[in-house]
2 protein chains.
Amino acid sequence: MRVIIDAMGGDNAPEEIVKGAVRASKELDVDVVLVGKKEEVQRCLAAEGATDLKVVDAREVITMEDDPSTATRRKKDASMTVALNLLRDGEGDAVVSAGSTGALLTGATLIVKRIRGIRRAAMAPALPVGEKGTLLIDCGANVECTPEYLLQFAYMGSFYAKKILHIDNPRIGLLNVGTEDSKGDALRHETFALLKEAGDAGRINFVGNVEASGVYKDMVDVVVTDGFTGNILLKTTEGVAKMMSGMIKKSLMKSLKTKIGALLVKDGLKEMKKAMDADEIGGTAFLGISKPVIKAHGSSKANAIFAAIRQAKVFSESGFTDAVKENIDLLKIDSAEG
Amino acid sequence: MRVIIDAMGGDNAPEEIVKGAVRASKELDVDVVLVGKKEEVQRCLAAEGATDLKVVDAREVITMEDDPSTATRRKKDASMTVALNLLRDGEGDAVVSAGSTGALLTGATLIVKRIRGIRRAAMAPALPVGEKGTLLIDCGANVECTPEYLLQFAYMGSFYAKKILHIDNPRIGLLNVGTEDSKGDALRHETFALLKEAGDAGRINFVGNVEASGVYKDMVDVVVTDGFTGNILLKTTEGVAKMMSGMIKKSLMKSLKTKIGALLVKDGLKEMKKAMDADEIGGTAFLGISKPVIKAHGSSKANAIFAAIRQAKVFSESGFTDAVKENIDLLKIDSAEG
């Protein structure tokens, strides 16, 4: 099992990326390959006392200033591009990158390709709800969706929840503005009918529409939605959590009394912070790509990179991609794109 | 200034509604008219020692089981229907109801009518961001929108922020999946162009696209979006806030040490809870209706009803409706609906 790592992607590259990779190579049963400017990566490896790790040289870096839709085509020798090419060529089993989300998704689609029959790859992070998390699919890759895309997201989310999150009979919900069957716009109505049919046939465990507030009451294991509303849900979560953390901090510093209290409750609150921390959640898988490509948070430090590499290993060994391939006929409907 | 109150709407009717109305009649410079089952309302008034308040009898009640789209047409003698008819007939200056949102919006549209030229009424609650709040328009009334609807929401949000929230030059943002001008779907692209044009002409202070996380960093005063995504943002906020409050409570009860600390930090955390509390925020105005109709939260207690009545008074005296009427030509674009 070999994980290919884009050593130059993200805010803390290459130092923190290399650090996380070194830790993964020691603690997890994986080989790692680091892709990036050789001299810089080797300097970081030397600092970690791990000069034996494999490095593949790549002279360019894709930055947030590059146009995501053309970045991997224009920068052929970028660490991200080279990493994806190595994956396509069988030089490794998965890619981990903390670089530009858009560039990575476009690159994965163009270079590694989608699973045959899958219309669009989706981003599927796990929200910090319940013991095993709640999968949100899609959360930004596809701002305009058809009912067929959403049907495919539902199946892929169900397979992922089963095989990677180890949820036995994952409850699939369609994100909507109310729980009644008739709620929502045309996209929701058509998708509801498709999901209900799949549910009635026993192929997925469709539990109906779910409101955004219901998601945080642990009412489903997989939230199916278009990338636009999924992005709103994810970024609202991030915004509210940060604002509330700030308010808690401020309220604990109000007076001498609260400052003393703060010392006593510190450990308890740390656990909450950990639960809401993107770094602890690890990466976001792109579901629908023919091989595992994991996007780590742009601000990832070594811990987050380690978590993303662990996720890449679990994903790669889970049988997820085979499950999608074997069931691909169920995931298609007659459509103009047919 | 007279506010008409649906005494039978909401989870805590009529007791808490009457209590809030009695307090408002004492503390605010308003007359109140209570609409509902006379004997029940009078019993509640007697309990409050305020039998001098005006009561209008209505024998029916619209419940959550009634179809919102037909409720006020079918139940002609419901408290909500009668209240809206009184407003239309000039028997008062505003309506406050904690009853079914959908029924109230449909009823307001059918009975009180929209401002001439306004395509759709929108729900516009104030999110607990910044000192004066951030207006979210729309948040659920209209799940499918045209660019023209969103242009009208932007103008109405701008007038509301100026005249009711007293924000001098309110920053208008279009909710989107990124801040770059080109982000989003077709609806966002077309709306962006309209808002930019209005901004360039100096009619609104359009600051561009805003992400959901940016909303909670106080980057705008008015968030313009369709009712579907607005609902997702609002209900995610509610869900995350509740989940985090639960986590805080749990983490404070972990050990004897944290329990002692909890006693010391209690007051500070109460303030945060207050800021995130829907009851303290008051009601949600329906913008675009020709007279003020305020929806109070379904679970409103007396405090929330009091706040909604205060909001109705402020709204009614603000000149908002006149501002929309005077500028109506700017709010229209050539369209099929023209």
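Cut-offs used in this document
- Going along each chain's sequence as written, the residues are numbered from 1 onward.
- Just so you know, chain letters begin at A and ligand numbers begin at 1, following the order they were written in.
- Predicted model: local features are reported for residues with pLDDT of at least 70 only, side-chain atom pairs are reported and counted for 80 or more only, and whole-chain, interface and lining totals are derived from all residues.
- Side-chain measures here rest on the full set of heavy atoms in the structure, leaving out hydrogens and waters.
- Counting from the N terminus, the helices are the DSSP runs of H or I reaching at least four residues and the strands are the DSSP runs of E reaching at least two.
- As a reference, a globule follows 2.2 Å times the number of residues to the power 0.38, and the radius of gyration itself is taken over C-alpha atoms.
- Each residue is placed in one exposure class: buried if its accessible area under a 1.4 Å probe, protein chains only, is under 20% of its type's maximum, exposed if it is over 50%, and partly exposed if it falls in between.
- Each nonpolar core is a collection of buried residues, namely Ala, Val, Leu, Ile, Met, Phe, Trp, Tyr and Cys, held together in the definition by side-chain atoms within 4.5 Å.
- Residue contacts follow a heavy-atom distance rule, with two residues in contact if any of their heavy atoms lie within 4.5 Å.
- Salt bridge, as used here, is a side-chain nitrogen of Lys or Arg placed within 4 Å of a carboxyl oxygen of Asp or Glu.
- The copies were overlaid with a least-squares fit restricted to C-alpha atoms from residues scoring a pLDDT of at least 70 in each copy.
- Here a pair means two rings of Phe, Tyr or Trp (six-membered ring of Trp) with centres within 6.5 Å. Their orientation is stacked below 30 degrees between planes, edge-to-face above 60, and tilted elsewhere.
- Counted as over-ring charges are cases with an Arg CZ or a Lys NZ within 6 Å of the ring centre that also lie within 35 degrees of the ring normal.
- Axes here refer to lines fitted to C-alpha atoms; in helices the fit is confined to the stretch in contact. Angles between the N-to-C directions go from 0 to 180 degrees.
- Crossings are classed by handedness, with left-handed meaning an anticlockwise turn of the near helix from the far one by less than a right angle and right-handed meaning a clockwise turn.
- Three classes are used, and their members are as follows: Ala, Val, Leu, Ile, Met, Phe, Trp, Tyr, Cys and Pro are nonpolar, Asp, Glu, Lys and Arg are charged, and the others, Gly among them, are polar.
- Only strands that DSSP links by at least two bridges are regarded as paired with each other.

With that settled, consider the overall build of chain A. Summing up its helical and strand segments, chain A has 13 helices and 12 strands in all. Relative to the compact-globule value of 20 Å for 338 residues, chain A shows a C-alpha radius of gyration of 21 Å, a close match. If one aligns the C-alpha atoms of chain A with their principal axes, the spans along those axes are about 60 × 60 × 35 Å. Taking all 338 residues of chain A together, 57% fall into the buried category.

The next thing to look at is the nonpolar core. L84, L233 and V293 of chain A together with L84, L233 and V293 of chain B are the most contacted members of the largest nonpolar core, which totals 91 residues. Counting residues per element, this core draws most heavily on helix α9 (residues 227-252) of chain A, at eight residues. Apart from residues no more than four positions distant in its own chain, V293 of chain B is found in contact with L84, L87, V95, L104, A108, T284, A285 and F286 of chain B.

Glancing now at the environment of G261 of chain A. Tracing the chain through its elements places G261 of chain A in helix α10 (residues 256-275). Residue G261 of chain A is classed as buried on the basis of its relative accessible area of 0%. If we skip the residues at most four places from it in the chain, G261 of chain A touches G261, L264 and V265 of chain B.

Here the focus is the pattern of salt bridges. Close approach of charged atoms allows side chains with opposite charge to pair. One pass over the structure, following the stated rule, counts 30 salt bridges over all chains. The partner of D57 of chain B in a salt bridge is R59 of chain B, and the shortest N-O contact between them spans 2.9 Å.

Each copy of the sequence occupies a distinct position, and chain B is placed on chain A by a rotation of 180° and an axial shift of 0.0 Å, giving an RMSD of 0.1 Å. When the rotation and shift are considered jointly, the pair of chain copies conforms to a two-fold rotation axis. If distances are taken from each C-alpha of chain B to the rotation axis, the shortest is found for G261 of chain B, at 2.0 Å. The share of interface residues of chain B whose copies in chain A are also at the interface is 100%, consistent with both copies meeting through the same surface.

The next subject is the packing of aromatic side chains. Evaluated as defined, the whole model comprises 10 aromatic pairs over all chains. Aromatic side chains Y160 of chain A and F320 of chain A sit 6.1 Å apart centroid to centroid with 75° between the ring planes, which places their arrangement in the edge-to-face category. Taken as a pair, Y160 of chain A in helix α6 (residues 147-163) and F320 of chain A in helix α13 (residues 320-326) lie far apart in primary sequence, 160 residues in all. For Y160 of chain A, a relative accessible area of 3% translates into the label buried. Ring geometry for F192 of chain B against F206 of chain B: centres 5.3 Å apart, planes inclined by 75°, an arrangement best described as edge-to-face. Here F206 of chain B lies in strand β9 (residues 205-210) and F192 of chain B lies in helix α7 (residues 186-200), a separation of 14 residues in the sequence. Pair check on accessibility: F192 of chain B and F206 of chain B agree, each one buried. A network of ring pairs unites the aromatic residues Y160, F315 and F320 of chain A as a single cluster. Note that R188 of chain B overlies the ring of F228 of chain A, its terminal NZ or CZ placed 4.0 Å from the centroid.

Glancing now at the environment of I118 of chain B. Residues and elements named next belong to chain B. Tracing the chain through its elements places I118 in the loop between α5 (101-112) and β5 (122-124). Among the residues examined, I118 registers a relative accessible area of 5% and is labelled buried. Every residue in contact with I118, bar those within four places of it in the chain, is listed here: Q152, M156, G288, V324, I328 and L331.

Geometry of a packed helix pair, given as the angle between the helix axes and the separation of the axes. All names here are of chain B. Running from N to C, helix α4 (residues 79-88) and α5 point in directions that differ by 35°, and their axes come no closer than 10 Å. Of the two possible hands of crossing, α4 and α5 adopt the one that is right-handed. In contact with M80, T81, L84, N85, L87 and R88 of α4, α5 contributes A103, L104, G107, A108, I111 and V112. Tallied by class, residues from the contact of α4 with α5 come to eight nonpolar, three polar and one charged.

Moving on, we come to the sheet that holds strand β11 (residues 284-287) of chain B. Two orientations exist for strands paired in a sheet by backbone hydrogen bonds: parallel and antiparallel. All names here are of chain B. Strand order in this open sheet of seven strands is β3-β2-β1-β4-β12-β11-β5, and the pairing throughout is mixed. A strand with exactly one partner marks an edge of an open sheet, and here the two such strands are β3 (54-57) and β5. Neighbour-to-neighbour, the strand axes of this sheet turn through a mean angle of 25°, independent of strand direction. Taken together, the three bridges between strand β4 (residues 94-97) and strand β12 (residues 293-295) define a ladder with parallel strand orientation. Across the sheet, the residue bridging to V96 is I294, located in β12. Most of the contacts of α5 go to β12, to which it runs at about 175°, and overall it touches β4, β5, β11 and β12.

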